[in-house]
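# Structural characterization, general
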Amino acid sequence: MTSAATPAAMANAIRFLSMDAIEKAKSGHPGMPMGMADVATVLFTRFLKYDAKAPRWADRDRFILSAGHGSMLLYALAYLTGSEDIDIEQIKAFRQLGSRTAGHPEFGHVAIAETTTGPLGQGIANAVGFALAEAMMAARYGSAVVDHHTYCIAGDGCLMEGISHEAISFAGHHKLAKLIVLWDDNKICIDGDTALATSDDQRARFAACGWNTLAIDGHDHAAIAAAIETAKASDRPTLIACKTVIGKGAPTKQGSEKTHGAPLGAEEIAAARTAADWPHAPFEIPAAILAAWRAAGSRGAEARQGWEGRFNALDGARRAEFARTTEGRLPDGWQKAVVAFKQKVSAEQPNWATRKSSQECLEVLTAAIPEMIAGSADLTHSNLTDTKACKPAIAPGAFGGRYIHYGIREHGMAAIMNGLSLHGGFLPYGGTFLIFANYLWPALRMSAMMGQRVLYVLTHDSIGLGEDGPTHQPIETIAALRATPNVLVFRPADAVETMEAYEAALLNTDGPSVFALSRQNLPTLRTAHRDDNLTAKGGYVLAEAKGKRQVTLLATGSEVSMALEAQRILSEKGVGAAVVSMPCWELFDRQPKEYRAAVLGEGTVRVAVEALGSFGWERYVGLEGAVIGMSGFGASAPADKLYEHFGITAGAVADAALARL
């Protein structure tokens with residue numbers, strides 16, 4: 001009978017908890033937890049700097065389960081090591097409504113989940129962000145208080161996803177030596193053998209990207225330990241190819257896709273128990289084995305206590321700054337800089353493109369908020385994301401700067417920013433063209449799902465970008481962004497609204513924000529300063545009608561000035577029209593019903609104008625209203641010619657209103 005706490009028996013505890021939970025749920029993925037149980041056992045019992053009783057302490061090693069479908073591996077480890085938020089009842093409630101043990105690991109549900117994984121490739125790219133954050137924090141505070149590794153278990157599917165290449169290329173270039181990827185090299189995917197779809201030499205691919213690579217038997221505990229020791233001594237990130245058998249321990253199904261995404265069945269589990277000499281009832285772990293796992297879970301307590309002593313030895317200011325930034329609190333007084341900027345631009349009234357307004361805002365904000373980390377996907381001088389405070393850029397071996405050249409890796413950039421944010425200590429923003437939100441969407445969606453304060457600076461926001469044409473004109477993109485839950489989408493009209501948008505985004509600690517910014521110059525519309533943030537209301541009356549309001553004109557961004565011109569045209573015809581700027585629909589929808597009704601002007605004719613697709617505006621203009629916008633893709637021409645060609649003009653707005661009176 002297997003009751004002694006041997007390493008093999010400890011690995012079997014993971015296997016049988018996984019089998020039993022998935023069988024009870026009648027749903028799940030047993031193959032990966034069973035195949036990687038030996039690797040996880042060695043990592044958690046011998047290497048991982050982890051304290052189950054204080055699972056979020058700042059200098060812990062990070063463990064990322066990129067192959068998130070194998071979530072029972074993570075939950076089994078949490079229970080076995082003694083995490084207080086996962087007891088055996090949570091294991092039994094796997095994949096059930098209201099349980100913490102969701103089908104894929106979710107950040108915020110369980111302390112052991114450093115990030116939400118499931119969409120393959122996201123986790124390994126997040127891991128690069130975690131490793132980068134560690135290097136950047138160490139450059140700021142020293143290795144006495146920042147010195148940890150990031151371990152990532154990734155599967156064949158993670159490495160097939162294109163984002164993996166963006167991430168590993170970035171990590172190899174920057175020599176993120178404390179990143180160790182444990183590849184579950186089982187050669188099985190859902191359809192069967194991976195040879196059906198790929199013949200990549202993954203070790204050669206990683207080596208070409210500047211990684212150290214090793215290959216081992218993923219069931220040989222001594223080999224696993226030796227490889228991790230070697231990886232920890234490397235001056236480069238390391239891939240350890242762990243040759244494993246998917247579903248190891250399932251007598252008739254191991255090594256096949258049949259173990260990947262379905263319960264093994266009672267008969268197969270019974271046979272596995274016999275083969276492993278594991279006669280224990282479902283969910284029962286022998287006391288000696290559980291005690292050995294609990295000892296592994298407390299192994300990091302000594303390291304944590306040592307770190308606390310070193311942290312407390314920091315001078316008071318550095319200790320306070322470390323605590324403030326890792327807790328996500330903004331510095332005192334930063335909003336004074338916001339008010340001063342608004343006063344300045346309202347007085348000077350510059351004609352800036354909102355991408356330029358954004359850069360001017362970021363100059364102020366990055367100087368006031370030192371944890372803001374800038375970057376761009378090879379469009380720095382188009383997105384205008386660089387600031388004086390963020391120089392110099394980080395470089396291989398030099399992580400003291402605050403600017404990141406992500407290269408042409410939009411998807412990787414967004415996932416790395418998620419890792420930077422999740423690690424703690426930094427508030428990242430990154431830039432690309434708005435149209436390329438399509439390339440980074442899966443990671444932005446994860447920002448929203450995890451409630452991460454990541455800022456997306458997306459420029460060239462409409463047909464107003466002009467000659468680059470329909471491939472770059474984001475007709476449908478902003479509607480899709482607005483449809484994504486827990487994302488604030490800002491399309492500001494001038495420099496004042498742009499700063500207010502940044503202020504609202506920085507105060508929003510529960511999710512990401514998108515800034516849709518113009519290429520073309522726009523006039524300053526908010527010329528009378530006020531301290532309060534009108535953009536934080538999402539929509540507001542910018543210019544009330546002269547006399548009785550008959551028409552309400554709604555607009556965002558570059559079309560707000562067009563709406564003001566339409567208001568003038570209507571006024572000359574004796575029609576009273578109000579202009580409503582709606583820079584953020586999501587914030588407007590949160591306002592009280594009475595406020596929204598007053599802004600929208602109940603009983604008035606409503607016309608919206610936006611040089612994008614018209615989808616979504618119906619909720620504000622109603623069935624009787626009109627939307628002046630795009631119904632198809634754009635074209636290549638100077639911006640003013642495009643607006644005229646597509647009928648997005650002040651005259652068209654006024655005519656639509658008059659036709660409905």
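This write-up is about the structure you can find in this document. (Residues numbered from 1 in each chain as written. Predicted model: local features only at pLDDT ≥ 70, side-chain atom pairs only at ≥ 80, totals over all residues. Heavy atoms only, no water.)

Strands sit in the order E10-E9-E11-E12-E14-E13 across an open sheet of 6 strands; the sheet is parallel. Every interior strand has two partners, whereas the edge strands, strand E10 (403-405) and strand E13 (488-490), have only one. Averaged over all pairs of adjacent strands, the angle between strand axes in this sheet comes to 20 degrees, irrespective of strand direction. Here strand E11 (residues 427-433) runs beside strand E12 (residues 455-459); their pairing, made up of 5 bridges, is parallel. By the bridge assignment, tyrosine 429 is partnered in E12 with leucine 455. (Pairing = 2+ DSSP bridges. Helix = DSSP H or I, 4+ residues; strand = E, 2+ residues; numbered from the N terminus. Axes fitted to C-alpha atoms, helices over the stretch in contact; angles between N-to-C directions.)

A separate point is unusual backbone geometry. Proline 392 follows lysine 391 through a cis peptide bond whose omega is 5 degrees. Here proline 392 lies in the loop between helix H17 (380-383) and E10. For aspartate 378, which is not a glycine, the phi torsion comes out positive at approximately 65 degrees. Mapped onto the fold, aspartate 378 is located in the loop between strand E9 (372-376) and H17. Here the phi dihedral of leucine 384 falls at roughly 60 degrees; this positive angle occurs in a residue that is not glycine. Looking at the element boundaries, leucine 384 is found in the loop between H17 and E10.

With that settled, consider the packing of helix H1 (residues 7-25) against helix H11 (residues 266-275). Between two packed helices, the angle of one axis relative to the other and the distance separating the axes together describe the packing. The N-to-C vectors of H1 and H11 enclose an angle of 165 degrees; their axes lie 11 Å apart at closest approach. The angle between the axes of H1 and H11 places the two elements in the roughly antiparallel class. For the pair H1 and H11, the sense of crossing is left-handed. Where H1 approaches H11, its residues Phe16, Met19, Asp20 and Glu23 are matched on the opposing element by Ala266, Ile269, Ala272 and Arg273. (Parallel < 35°, antiparallel > 145°, perpendicular 65-115°, else oblique. Left-handed = near helix turned anticlockwise from the far one by under 90°. Contact = heavy atoms within 4.5 Å.)

With that settled, consider the packing of aromatic side chains. Counted under the stated rule, the structure contains 20 aromatic pairs. Between phenylalanine 44 and phenylalanine 63, the ring centres sit 5.2 Å apart and the planes meet at 85 degrees, which makes this aromatic pair edge-to-face. Remark: phenylalanine 63 occurs in strand E1 (residues 62-65) and phenylalanine 44 occurs in helix H3 (residues 37-47); sequence separation between them is 19 residues. On the basis of relative accessibility, which here comes to 5%, the residue phenylalanine 63 falls in the buried class. For the pair tryptophan 585 and tyrosine 620, a centre-to-centre distance of 5.1 Å together with 75 degrees between the ring planes defines the contact as edge-to-face. In this pair, tryptophan 585 is assigned in helix H23 (residues 585-589) and tyrosine 620 in helix H25 (residues 618-621), connecting sequence segments 35 residues apart. Each member of the pair, tryptophan 585 as well as tyrosine 620, is classed as buried. (Phe/Tyr/Trp six-rings, centres within 6.5 Å; stacked < 30°, edge-to-face > 60°. Buried < 20%, exposed > 50% of the residue type's maximum accessible area, 1.4 Å probe, protein only.)

Before going further, it helps to spend a moment on the packing of helix H22 (residues 560-572) against helix H27 (residues 650-658). At a minimum axis separation of 8 Å, H22 and H27 run at an interaxial angle of 55 degrees. If you check the angle between H22 and H27, you find them oblique. The chirality of how H22 crosses H27 is right-handed. Of the residues in H27, those touching H22 at Met562, Glu565, Ala566, Ile569 and Leu570 are Ala650, Gly651, Val653, Ala654, Ala657 and Leu658. When grouped by side-chain class, the residues that make up the contact of H22 with H27 number 9 nonpolar, 1 polar and 1 charged. (Nonpolar A, V, L, I, M, F, W, Y, C, P; charged D, E, K, R; others polar.)

This brings us to the environment of leucine 481. Inspection of the secondary structure assignment puts leucine 481 in helix H20 (residues 477-483). Along the primary structure leucine 481 and asparagine 438 are separated by 43 residues, whereas in three dimensions their C-alpha atoms are 9.5 Å apart. Not counting residues within four places of it along the chain, the set of residues in contact with leucine 481 comprises Leu434, Ala437, Trp441, Leu444, Leu458, Val487, Val489 and Val514.

The subject of this paragraph is the environment of serine 256. You can see serine 256 is positioned in the loop between strand E7 (238-243) and H11. C-alpha of serine 256 to C-alpha of glycine 333: the two residues are 77 residues apart in sequence and 60 Å apart in space. In contact with serine 256, not counting residues within four places along its chain, are Ile188 and Ile246. A polar side-chain atom of serine 256 sits 2.9 Å from the main-chain carbonyl oxygen of lysine 253. (Polar contact = N/O pair within 3.5 Å; in protein donor to acceptor, adjacent residues only side chain to side chain.)

Moving on, we come to the side chain of arginine 15. In this fold, arginine 15 is placed in helix H1. A polar contact is formed between the side chain of arginine 15 and the backbone oxygen of lysine 248, at a distance of 3.3 Å. In contact with arginine 15, not counting residues within four places along its chain, are Met34, Ala37, Asp38, His219 and Lys248.

Let's shift gears to the sheet that holds strand E2 (residues 150-155). With parallel pairing, the 5 strands of this open sheet are ordered in space as E1-E2-E3-E7-E6. One side of each edge strand has no neighbouring strand; the edge strands of this open sheet are E1 and strand E6 (212-217). Strand after strand, the sheet turns through a mean of 20 degrees between neighbouring axes, direction not considered. The pairing of strand E3 (residues 179-185) with E7 spans 6 bridges and is parallel. Pairing of tryptophan 183 across the sheet is with alanine 241, part of E7. Strands in contact with helix H4 (residues 71-81) are E1 and E2; relative to E1, the strand with the most contacts, it is inclined by about 145 degrees.

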